Amino acid sequence: MLSCGWIWAVFYRQPDAEKKEDKHSSQNRQSFNCADKDMTTSVGSPNQTVASTTNLLNLISNMSGQLSPTDAGNFLSVVDAAQMKVSTSDSPVEKSTLVSFGNAYLNAFENLVSALVVATDNMTVKNIALNNTEVTVLAIGVNASAADIPPIYTKTAQLEIDLIGIAKQSISKSASVAFVSYSAMDSILKPDFFNTSENTVKTMMSTVISATLSQTNNTALTKPVNFTLKHIQGFNPKSSLSCVYWNDSEWIVDGCSVLNSNSSHTVCSCVHLSTFALIMQTSSTPPESSDLLELLNLVCVIVGLVFFSLALLSFALCQWSPGVNNVARINICISLLSAHLLFLLTQQFLSLIRPQQVFCVAIAGLLHFLFLSAFVWMFIEAVLLFICVQNLSRISSKKKEVLSSGFLCVIGYVLALVVVGVSIGLVPEGYGSEQCWIKTAEGFIWSFLGPVCVILALNTIFFIKIVLTLNSTLKNLNAEVSQMKQTKILAFKTLSQFVVLGCPWILGFFINGSEVLEILFLVLNSQQGTFIFVIYCVLNNEIRQQYKNCFTCLCSGHSIKCNK
């Protein structure tokens, strides 16, 4: 238990020449007595004990402006001891109480460290090593140069900041930065306070650090700051790392990103100063189940890539009827084949790609473009199919008149390119998540989900209208059996088009931890190429006959054109 009498004995027992007490000192001791009384009468309740310690920290924080640098340095030991008192407690403490204590602790420490700063015209460095905390305070003046500034580091972290640039923009042409590393804060500001949409196990991978500009007129950064954080836990290659900062109630990632990482260190970049940490997220799915899903994903994607390739070969090498417009299907295959292949390779070599931040951002932007263009082409295919059903006897002339291949290509790729370009222009830091994909922070993921939702909604409407139109056609059709058979085949293809148009992607909004829906989503959406190949190639009599001719030629060894 912290005792106010102990505090007074250690920090205010001065030599006889310094025993004068002013009014402020007396008031501070009285405040300590009140806080100590509250704490000593609540030993039976861990939450009350922590709350009383929080009150004590608030008192110290409020009086920090009246302390000399020497006294501020002495009080840092008191705050450091308070941290250990709470972090080593075996009794459970409520989250709200821990959060309040953590905020009071950080505020008190920041104010005390600020009181350590002494104005200078050149450069001064002060290092303080406490039981649980390391402090480095660097102050520069008008005469300081970049060559004079030493590295700012502790045993477990290093800070890179443009302090010279900040000083130049300051009225006093001076600046100071305080860099603090807390070794026991992970049990107070717990990694579980990092709220994410995924159900993952969070592990604190670094000591908690703070960086503040103390007694500086200008606190705006001239460029992002970088932190090199030493891993304090073993790194799991299948996990993801997040650079986070404390926003008074939880850990969040806004404004911070991972620049590069290896097995022992990670470099974080942030556009602001605060309290930071590195948190590792590991899937909470049992290893056996997780491995099975990874294997299923790998197999399904590879099978899908094979059928995308077969469909593209068929569209390119086989002879099609003049009235058949395959431009949308070809470009769906090209876009999804490229997107799935790039995503598969990225995930397989993520440990090598992730440290290269620029490469990771480029991959994320390219994936954004490829998937968006695929969905635009799915919408174009829905429109073409709707025209086909509405104008069975005039489909060829209608397409040539209104929907030329060049016009469709402009729509299919330019729209996706515009969305990606605007996204990059508005939020350039929105790309390059831990999986080299779009970051979910500040709703930037909706630059992808927004257009996808619109397209899926429109495709679903078109699909329903197509089914209703076909149903009406089948009822009113008075034709020969062969014509009826062809209409039934068209109806079957239309129903199968549900997958080709991307409608099963809607399942992604409802997975929410459901393994069954995740598997269904994975299987259906990885096999769009399979459905395209089966519906438009295998079930097409003319194309199927060309397959037979080709296989016959291959088996007989004749070097003739097999698609004639």
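Procedures and definitions
- Residues numbered from 1 in each chain as written.
- Predicted model: local features only at pLDDT ≥ 70, side-chain atom pairs only at ≥ 80, totals over all residues.
- Heavy atoms only, no water.
- Helix = DSSP H or I, 4+ residues; strand = E, 2+ residues; numbered from the N terminus.
- Buried < 20%, exposed > 50% of the residue type's maximum accessible area, 1.4 Å probe, protein only.
- Contact = heavy atoms within 4.5 Å.
- Patch = residues over 30% accessible without salt bridge, like charges linked within 9 Å, V, L, I, M, F, W, Y side chains within 5 Å.
- Areas by Shrake-Rupley, 256 points an atom, 1.4 Å probe, with all protein chains shown as cover.
- Salt bridge = Lys/Arg side-chain N within 4 Å of Asp/Glu carboxyl O.
- Phe/Tyr/Trp six-rings, centres within 6.5 Å; stacked < 30°, edge-to-face > 60°.
- Axes fitted to C-alpha atoms, helices over the stretch in contact; angles between N-to-C directions.
- Parallel < 35°, antiparallel > 145°, perpendicular 65-115°, else oblique.
- Left-handed = near helix turned anticlockwise from the far one by under 90°.
- Pairing = 2+ DSSP bridges.
- Nonpolar A, V, L, I, M, F, W, Y, C, P; charged D, E, K, R; others polar.
- Disulfide = S-S within 2.5 Å.
- pLDDT = per-residue confidence, 0-100.
- Core = buried A, V, L, I, M, F, W, Y, C linked by side-chain atoms within 4.5 Å.

Caption draft 1: Highlighting the overall build of the protein chain. Looking only at helices and strands, the protein chain has 17 helices and 13 strands in total. By the burial criterion, 47% of the 564 residues in the protein chain qualify as buried. Pairs at least 24 residues apart make up 74% of the contacts formed inside the protein chain by residues separated by at least 6 positions.

Caption draft 2: A nonpolar patch on the surface, seen in detail. A contiguous nonpolar patch, built from I302, V306, L310, L313 and L317 and spanning about 430 Å² of accessible area, is present on the exposed surface. With respect to the helices and strands, the residue L317 is situated in helix α7 (residues 287–317).

Caption draft 3: Expanded view of the packing of aromatic side chains. This model, assessed by the stated rule, comprises 24 aromatic pairs. Considering the side-chain rings of W246 and W251, the 5.2 Å spacing of their centres and the 70° angle between planes classify their relative orientation as edge-to-face. A relative accessible area of 1% means that W251 is categorised as buried. Taken together, a centroid distance of 6.1 Å and an interplanar angle of 65° make the contact between F371 and W505 edge-to-face. Of this pair, F371 sits in helix α10 (residues 357–390) while W505 is found in the loop between α14 (481–500) and α15 (515–526), placing the two residues 134 residues apart along the sequence. Classification of F371 by relative accessible area gives buried; the value is 9%. On the basis of relative accessibility, which here comes to 14%, the residue W505 falls in the buried class.

Caption draft 4: Layout of the packing of helix α8 (residues 327–348) against α10. Where α8 meets α10, the closest approach of the two axes is 8 Å, and the angle between their N-to-C directions is 155°. Considering the angle they form, α8 stands roughly antiparallel to α10. Read as a crossing pair, α8 and α10 show a hand that is left-handed.

Caption draft 5: Structural context of the sheet that holds strand β4 (residues 157–160). The antiparallel open sheet is built from 5 strands, whose spatial order is β3-β4-β8-β12-β11. Looking along the sheet, the strands with just one partner apiece sit at the ends: β3 (152–153) and β11 (256–261). The sheet contact formed by β4 and strand β8 (residues 225–230) spans 4 bridges and is antiparallel. Within β8, the position partnered with E160 by the bridge is N226.

Caption draft 6: Structural context of the packing of α10 against helix α12 (residues 405–426). At a minimum axis separation of 8 Å, α10 and α12 run at an interaxial angle of 145°. α10 and α12 meet at a crossing whose hand is right-handed. Across from G365, H368, F369, L372, S373, V376, W377, I380 and L384 in α10, the residues of α12 making contact are L408, C409, I411, G412, Y413, L415, A416, L417, V419, V420 and S423. When grouped by side-chain class, the residues that make up the contact of α10 with α12 number 15 nonpolar, 5 polar and no charged.

Caption draft 7: Local environment of the state of the cysteines. Counted according to the given criterion, the structure contains 3 disulfides. Disulfide pairing is shown between C256 and C270; the S-S distance is 2.3 Å. Between C256 and C270 the sulfur-sulfur dihedral comes to about 120°; the bridge is accordingly right-handed. Linking C256 in strand β11 with C270 in strand β12 (residues 265–270), this pair joins segments that are 14 residues apart in sequence. With respect to class, C256 is no different from C270; both count as buried. The cystine pairing of the protein chain, numbering bonded cysteines in sequence order, is 1-3, 2-4, 5-6.

Caption draft 8: Molecular detail of unusual backbone geometry. Non-glycine residue D248 carries a positive phi angle of around 85°. Structurally, D248 can be placed in the loop between β9 (240–246) and β10 (251–252). Look at D248 and you get exposed, because its relative accessible area is 54%. With a phi angle near 60°, C436 is a residue other than glycine that sits in the positive phi range. Of note, C436 is situated in the loop between α12 and α13 (446–476).

Caption draft 9: Looking closely at the environment of S214. Looking at the element boundaries, S214 is found in the loop between β7 (208–213) and β8. Taking C-alpha positions, S214 is 9.5 Å from L138, a pair spaced 76 residues apart along the chain. Each residue touching S214, except ones within four places of it in the same chain, is listed here: S114, V117, S176 and A178.

Caption draft 10: Highlighting helix α16 (residues 528–538). Across the 11 residues that make up α16, a large majority, 8, are buried. Buried residues of α16: Q528, G529, T530, I532, F533, I535, Y536 and C537, and no others.

Caption draft 11: Representation of the confidence of the model for the protein chain within the structure. In this model, the protein chain carries an average pLDDT of 80, and 81% of its residues clear a pLDDT of 70 or more. Low pLDDT, under 50, characterises residues 559–564; the stretch is placed with 11 contacts to residues that sit more than four places away or in other chains.

Caption draft 12: Inspection of the environment of N122 at higher detail. Its place among the elements puts N122 in the loop between α5 (95–115) and β1 (123–129). Here N122 falls in the partly exposed class, since its relative accessible area comes to 45%. In the structure, N122 is positioned 22 residues away from A144 in sequence and 4.7 Å away in space, judged by C-alpha atoms.

Caption draft 13: Representation of the nonpolar core in the model. Judged by nonpolar contacts, the single largest core of 55 residues is most densely connected at F371, F375, F448 and I532. Mapped by element, the contributors of at least two residues to this core are α7, α8, α9 (350–353), α10, α12, α13, α16 and α17 (541–556). In this view, F371 contacts L336, A339, H340, W437, F448 and W505; residues no more than four positions away in its chain are not counted. Counting 47 residues, the second largest nonpolar core, distinct from the first, contains V79, L98, M185 and M204.

Caption draft 14: Just the pairing of β9, in detail. Among the 7 residues that make up β9, 7 are buried, leaving the element largely enclosed by the rest of the structure. Because side chains alternate across β9, one face comprises the buried residues S240, S242, V244 and W246, and the other comprises L241, C243 and Y245, equally buried. Note: β9 against strand β13 (residues 275–283), 6 bridges, orientation antiparallel. For V244, the partnering residue across the bridge sits in β13 and is A277. Looking at chain direction, β9 and β10 are connected through 2 bridges and run antiparallel. Bridging across to β10, W246 finds its partner in W251. In textbook terms, the turn of a hairpin is the stretch between consecutive antiparallel strands, and for β9 and β10 this stretch comprises 4 residues, one of which, D248, has a positive phi near 85°.

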